[in-house]
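# Chain and residue survey
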Protein chains: 2
Amino acid sequence: MIADVRGASVEETRSRILAATREIYALRGSRGTTTREVAARAHVNEATLFRHFGTKGHLLAAMLDHYNDTSSLNEVLDGLTGHATLEEQLRVLGIAAIESMRRKEDLIKIAMAEEIADPHAQVCVWRAPTAAKESLVKYFGQKIEARELRGDSAWLARIFMSLFFSYVMARRLWSGIDAPQDEAVEMMVNMFLDGARAN
Amino acid sequence: MIADVRGASVEETRSRILAATREIYALRGSRGTTTREVAARAHVNEATLFRHFGTKGHLLAAMLDHYNDTSSLNEVLDGLTGHATLEEQLRVLGIAAIESMRRKEDLIKIAMAEEIADPHAQVCVWRAPTAAKESLVKYFGQKIEARELRGDSAWLARIFMSLFFSYVMARRLWSGIDAPQDEAVEMMVNMFLDGARAN
DNA sequence: ACTTGATGCAAGTGACTACTTGCACACGCT
DNA sequence: AGCGTGTGCAAGTAGTCACTTGCATCAAGT
């Protein structure tokens, strides 16, 4: 029996359920995910799912918590001192932002769509971006103090992240131009630094 | 009887149903929307709803089609010659973009979430932005020819719209900074034109 | 006056959903 | 060896959902 996973550790079962939850949730949205389908995909009995998480709501919350990695950007920021120029640092940041968003694209989209329907999901999904935001604001603050950038650090961070947020979330709209990612990042960073005005 | 609207024209009934559909979809998401609730909000019998649209899926498609206004941006672009400076033109464009996106924020979110589930919804909702995109690319092309801007017109358009797309769609993330909209637009336009680099 | 068609209303159908229950099995720990 | 616990399995419950049906009513067109 493939489905019989007795003997697997409790944590393994749990994380298999959470992974399945994420997949189904991304496919069908919060209302569309059924505990049956999640259980099936996790190769777990539906009853086991409920024994672990009690209700579907708790399951979703647990999943969103579980896939809420807040760490990544800070590591990137720490490793940034190795890069000489400001351009280079921003490119690294941009690529990190794109990759992080892409990894959670599914969750972000669903969470945005269900903004009103499920406020708790909101909190969970936006927690990581919020932490990232704060680190970024601090980073830009330092760059302003060092007279490498000008303006308001919060707005710089907001605008900087806008570029990559849209790059990931609305790339469907721009299917005409599909430059390789590195090139795109370079273009966006250049725009961010120097603008588009001629001369 | 409030609910008895016999005598209203067929089109009126139809558009009342579509309006209700939009409201409920925005509130509950695609799976959370029930035909019962839509019918109730439209002050229409559920059977009438099905007599008009056949299935829930057709109803959604009809709603997305119905609220797909492609016109607005071109009018704005036409009225742009009255504004003297490039900055001013871009600000007007930015405000128009924000308002247009805000008006359809709910639809955009639905479409994004539905990306996988229902490809038809995609086509409907992205039709207007795609048209807008093309006009904008042309506009930026002219500005480049006139040596007011530099770069690739498609990318300029993409980056320019990124700013406002994120401004609307991710404003939840930036609840800390809530400058008045005009100020925000000014800031974004300035960034777009001159970048953030010091000196 | 008669027909036509859009609608209301009430009831219903079958499918699906979240969640439960009772029991058997199979591991790991002592 | 024995016990606890995590799991499978099958059946079930009460509710909800999309969608249908049959019939009565009302308004407009001819």
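Refer to the structure above for everything that follows.
Since we're looking at a predicted model, the values are computed, not measured.

Attention now goes to the pattern of salt bridges. If charged atoms from side chains of opposite charge come close, those side chains can pair. Applying the stated criterion across every chain yields a total of 19 salt bridges over all chains. Here Arg197(B) and Glu87(A) are joined by a salt bridge, their closest N and O atoms 3.0 Å apart. Taken together, the residues span two chains, with Arg197(B) in the segment after helix H10 (181–194) and Glu87(A) in helix H6 (residues 86–103). On the basis of relative accessible area, Arg197(B) is assigned to the partly exposed category, the value being 25%. Sharing partners across several salt bridges, the network here consists of Glu87(A), Asp194(A) and Arg197(B).

Moving on to the packing of helix H6 (residues 86–103) of chain B against H10(B). Residues and elements named next belong to chain B. Running from N to C, H6 and H10 point in directions that differ by 125°, and their axes come no closer than 9 Å. Relative to H10, the element H6 lies oblique. Helix-helix and strand crossings are classified by hand; for H6 and H10 the assignment is right-handed. Every residue of H10 that contacts H6 at Leu86, Glu87, Leu90, Arg91, Ile95, Ile98, Glu99 and Arg102 is listed here: Gln181, Asp182, Val185, Glu186, Met188, Val189, Phe192 and Leu193.

All right, on to the environment of Ser166(B) then. Following the sequence through the fold, Ser166(B) ends up in helix H9 (residues 153–169). With relative accessibility at 4%, the residue Ser166(B) sits in the buried group. Through-space distance from the C-alpha of Ser166(B) to that of Thr55(B) is 34 Å; in sequence the pair is 111 residues apart. Beyond its immediate chain neighbours, meaning those up to four positions away, Ser166(B) contacts Ser162(A), Phe165(A), Ser166(A) and Arg171(B). Here Ser162(A) takes part through its backbone oxygen, which lies 3.1 Å from a polar atom of the side chain of Ser166(B).

The subject of this paragraph is the packing of aromatic side chains. Residues and elements named next belong to chain A. A complete count under the given rule lists 11 aromatic pairs over all chains for this structure. When the centroid spacing of 5.5 Å and the interplanar angle of 70° are considered together, the rings of Phe140 and Phe160 count as edge-to-face. Of this pair, Phe140 sits in helix H8 (residues 119–145) while Phe160 is found in helix H9 (residues 153–169), placing the two residues 20 residues apart along the sequence. Here the two residues Phe140 and Phe160 agree in accessibility, since each one is buried. Ring pairs connect the aromatic residues Tyr139, Phe140, Phe160, Phe164 and Phe192, which therefore count as one cluster. When the ring centre of Tyr67 is taken as reference, the NZ or CZ atom of Arg22 above it lies at 4.9 Å.

Moving on to H9(A). With 17 residues, H9(A) should cover 24 Å at 1.5 Å per step; its first-to-last C-alpha distance of 24 Å lies within 8% of that length. Burial of H9(A) is extensive: 17 of the 17 residues sit out of reach of the surface.

Okay, the side chain of Glu105(B) next. Locating Glu105(B) in the fold gives a position in helix H7 (residues 105–114). When residues no more than four places from it in sequence are discounted, the contact partners of Glu105(B) are Val168(B), Met169(B) and Arg171(B).

What follows covers the relation of the copies chain B and chain A. Between the two copies, chain B and chain A, the superposition gives an RMSD of 0.6 Å; the rotation angle is 180° and the shift along the axis is 0.2 Å. What the rotation and shift describe, once combined, is the action of a two-fold rotation axis. Most of the interface of chain B is mirrored in chain A, where 100% of its interface residues are also at the interface.

Another aspect to go through is the interface of chain B and chain A. On the side of chain A, 55 residues touch chain B, which itself brings 51 residues to the contact. It is Arg158(B), Trp174(B) and Arg197(B) in chain B that bury the most area against chain A; as a group they hold 15% of the surface buried on that side. At the boundary of chain B and chain A, one finds 4 salt bridges. In this structure, the connection of chain B to chain A is made through 25 residue pairs in polar contact (both at pLDDT 80 or more). Among the secondary structure elements, those contributing two or more residues to the side of chain B that touches chain A are helix H1 (10–32), H7, helix H8 (119–145), H9 and H10 of chain B. The element that contributes the greatest number of residues to the side of chain B that touches chain A is H9(B), accounting for 13 residues. Its residues assigned to classes, the side of chain B that touches chain A comprises 31 nonpolar, 6 polar and 14 charged.

Basis of the calculations
Residues numbered from 1 in each chain as written. Chains lettered and ligands numbered in written order. Predicted model: local features only at pLDDT ≥ 70, side-chain atom pairs only at ≥ 80, totals over all residues. Heavy atoms only, no water. Salt bridge = Lys/Arg side-chain N within 4 Å of Asp/Glu carboxyl O. Helix = DSSP H or I, 4+ residues; strand = E, 2+ residues; numbered from the N terminus. Buried < 20%, exposed > 50% of the residue type's maximum accessible area, 1.4 Å probe, protein only. Axes fitted to C-alpha atoms, helices over the stretch in contact; angles between N-to-C directions. Parallel < 35°, antiparallel > 145°, perpendicular 65-115°, else oblique. Left-handed = near helix turned anticlockwise from the far one by under 90°. Contact = heavy atoms within 4.5 Å. Polar contact = N/O pair within 3.5 Å; in protein donor to acceptor, adjacent residues only side chain to side chain. Phe/Tyr/Trp six-rings, centres within 6.5 Å; stacked < 30°, edge-to-face > 60°. Lys NZ or Arg CZ within 6 Å of the ring centre and 35° of its normal. Expected span 1.5 Å × (residues − 1). Least-squares fit on C-alpha atoms with pLDDT ≥ 70 in both. Buried area = accessible area lost by both parts, 1.4 Å probe. Nonpolar A, V, L, I, M, F, W, Y, C, P; charged D, E, K, R; others polar.

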